[in-house]
Amino acid sequence: MNETLERIKAQALKQIEIASDANSLNDLKVAVLGKKGELTQVLKGMKDVAPEDRPKIGQMVNDARSAIEEKLNKKLEELTKRARSAKLMRETVDVTRPGRRLIQGKRHPNQIALEDLERVFIGMGYEVVSGPEVEYDKYNFELLNIPADHPAKDEQDTFYIQRGKTTEDDILLRTQTSSVQARIMLDAVNPEKERTLPIRVISPGRVFRADEVDATHSPSFHQVEGLVIDKNITMADLKGTLAQFAREFFGEKTKTKFRPHHFPFTEPSAEVDITCFKCGGKGCGVCKGSGWIEILGCGMVRPHVLEMCGIDPEEYSGFAFGIGLERITLLKYEIDDMRLLYENDERFLSQF
Ligand code: DAH
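For the rest of this paragraph, the subject is the overall build of the chain. Counting secondary structure elements, the chain contains twelve helices and ten strands. Its C-alpha atoms give the chain a radius of gyration of 40 Å, clearly above 20 Å, the size a compact globule of 352 residues would have. Along the first, second and third principal axes, the C-alpha atoms of the chain reach 120 × 55 × 40 Å. The 352 residues of the chain split such that 40% are buried. If you take every contact in the chain between residues at least 6 apart in sequence, the share linking residues at least 24 apart comes to 66%.

Pasting the structure below:
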């Protein structure tokens, strides 16, 4: 028994000596000192030892245990220290090295212009809403009084996703945010929806047209739709609202001019020009010498459109407008090529 003890102790001490990490030390601890460990086995063999020898053997086992434990703890401490200093070495930072410059992202000019615009309309009590980019013909065309043979419906202008049973069910990429007008009006008269009349919303979003890319065209761009429906809304409300928007967005001195125009869903319809914010109306490169710049289309919602969307035109009237977001962004920041807005060149974006 004596010999066995000596052998266990010598072997354990040697193994501790060569252990290279805390895990193997722990395994060793279990194998020797644990409940089923070698040393514990020796104690279990005591019953075969003569009673007078038991205290001596017991003492020997305890001595072996303490010697092993002590060595184990020392080694563990040493290993922990070594691991720690290795980690510190690895994590050393040379504070004298030059830093790496991080490129900070900026808001896109379109986004800046949109937030400015939203602020103006929210200030006038408007709600900002959105609608789907993939849309039924019904909302994009039919309910807006755009007939089946209208040129805008041609495949040269519109991206179709799927032909439906009737043209109304055709699925397309919306060509204008005006589609949201129809959706909002129908919701306002639908008792199952939360929305009610009156309506005062703007709806910014992406629209799609089968156009070639050039300095002023893109197959995908953004519009901001406006729609107001209430009792006693007149053209004067439309003019006052847009004049106020132009002053707040382009500058206090900006004047507006309404030119008669045609849109299928409004009557009367107009295009709105503003005095050139660059030259103040004298004529310059930005306004191409005319002193005026066109910024949007608008009009009084046609009674027929109100009717199709379930609103009584005898009781309610309203106006609508559609602003090309890229157009006002390019104007506001005097950018002369729309493609710059889509290329995401950091040298361009970092200027805003
Ligand atoms: N949807 C028209 C377009 O894409 C713009 C427009 C004009 C919107 C008049 C309107 C409006 O709401 O009243 O050309």
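Next up on the list: a negative patch on the surface. Together, Asp154, Asp157, Asp211, Glu212 and Asp214 make up a negatively charged patch on the protein surface. Given the relative accessible area of 40%, Asp154 is considered partly exposed.

Read from one edge to the other, the open sheet built from seven strands follows the order E1-E5-E6-E10-E9-E8-E7, with strand pairing classed as mixed. Both outer strands of the open sheet, strand E1 (127–128) and strand E7 (256–263), are each paired with one neighbouring strand and no more. As defined by bridge partners, E1 adjoins strand E5 (residues 199–208) across two bridges and the pair is classed as parallel. When the bridges of E5 are listed, Glu127 appears paired with Val201. Running over the sheet, helix H8 (residues 235–250) touches E7, strand E8 (266–275), strand E9 (292–301) and strand E10 (317–324) and is turned about 150 degrees from E9. Along the sheet face, helix H10 (residues 325–332) touches strand E6 (220–230), E9 and E10 and points at about 150 degrees away from the line of E9.

Here the focus is empty space enclosed by the protein. Taken as a whole and judged by the stated rule, the model has one cavity of 30 Å³ or more. The computed volume of the largest cavity comes to approximately 40 Å³. Val129, Thr177, Val180, Gln181, Ile184, Val201, Ser203, Glu225, Gly226 and Leu227 are the residues that line the largest cavity. Within the residue set of the lining of the largest cavity, elements represented by two or more residues are helix H7 (179–189), E5 and E6. Looking at the lining of the largest cavity residue by residue, the classes come out as five nonpolar, four polar and one charged.

Note that soluble globular proteins tend to have their nonpolar side chains buried in a common cluster. Core analysis: the largest hydrophobic core is formed by 34 residues, its most contacted members being Leu117, Phe245, Ile295, Cys298, Phe321 and Ile328. Going through the elements one at a time, helix H5 (109–123), E6, H8, E8, E9, E10 and H10 are the ones with two or more residues in this core. Every residue in contact with Phe245, bar those within four places of it in the chain, is listed here: Leu117, Val120, Phe121, Met124, Phe250, Ile295, Ile323 and Ile328.

What follows is about the sheet that holds strand E4 (residues 171–173). Reading across from one edge, E2-E4-E3 is the order of the three strands in this open sheet, with antiparallel pairing throughout. Only two strands of the sheet have a single neighbouring strand rather than two, namely strand E2 (134–136) and strand E3 (160–162). For this sheet, the mean inter-axis angle between neighbouring strands, taken without regard to orientation, is 35 degrees. Bridge analysis of E2 against E4 gives three bridges, and the strand direction is antiparallel. Bridge pairing in E4 places Tyr136 opposite Ile171.

Turning our attention to the site of the ligand. Of all residues adjacent to the ligand, which total 15 residues, the nearest are Gln176, Ser178, Arg209, Gln223 and Glu225. In this structure, Gln176 approaches the ligand through a side-chain N or O atom, which is 2.7 Å from a nitrogen atom. Within the side chain of Gln181, an N or O atom sits 3.0 Å from an oxygen atom of the ligand. When the free accessible area of the ligand is taken as 350 Å², the share hidden by the protein chains comes to 88%. Mapped by element, the contributors of at least two residues to the shell around the ligand are E6, E9 and E10.

A few words on the domain arrangement of the chain. Taken domain by domain, the chain holds domain 1 (2–90) and domain 2 (109–349). Each of domain 1 and domain 2 was reduced to a C-alpha centroid, and the two centroids are 83 Å apart.

Mapping Arg195 onto the fold places it in the loop between H7 and E5. Polar contacts involving the side chain of Arg195 include one to the side chain of Glu127, which spans 3.2 Å. Excluding residues within four positions of it along the chain, Arg195 makes contact with Glu127, Val129, Ile184, Asp187, Ala188 and Val201.

How each quantity is defined
- Residues numbered from 1 in each chain as written.
- Predicted model: local features only at pLDDT ≥ 70, side-chain atom pairs only at ≥ 80, totals over all residues.
- Heavy atoms only, no water.
- Helix = DSSP H or I, 4+ residues; strand = E, 2+ residues; numbered from the N terminus.
- Rg over C-alpha atoms; globule rule 2.2 N^0.38 Å.
- Buried < 20%, exposed > 50% of the residue type's maximum accessible area, 1.4 Å probe, protein only.
- Contact = heavy atoms within 4.5 Å.
- Patch = residues over 30% accessible without salt bridge, like charges linked within 9 Å, V, L, I, M, F, W, Y side chains within 5 Å.
- Areas by Shrake-Rupley, 256 points an atom, 1.4 Å probe, with all protein chains shown as cover.
- Salt bridge = Lys/Arg side-chain N within 4 Å of Asp/Glu carboxyl O.
- Lys, Arg positive; Asp, Glu negative; His and termini not counted.
- Charge placed at Lys NZ, Arg CZ, Asp CG, Glu CD.
- Pairing = 2+ DSSP bridges.
- Axes fitted to C-alpha atoms, helices over the stretch in contact; angles between N-to-C directions.
- 1 Å grid on protein atoms, 1.4 Å probe; cavity = no way out; pocket = protein on both sides within 12 Å on 5 of 7 lines; lining within 4 Å.
- Points joined across faces, edges and corners; volume = space filled by probe spheres on them.
- Nonpolar A, V, L, I, M, F, W, Y, C, P; charged D, E, K, R; others polar.
- Core = buried A, V, L, I, M, F, W, Y, C linked by side-chain atoms within 4.5 Å.
- Near = heavy atom within 4 Å.
- Polar contact = N/O pair within 3.5 Å; in protein donor to acceptor, adjacent residues only side chain to side chain.
- Domains from an automatic or database assignment.

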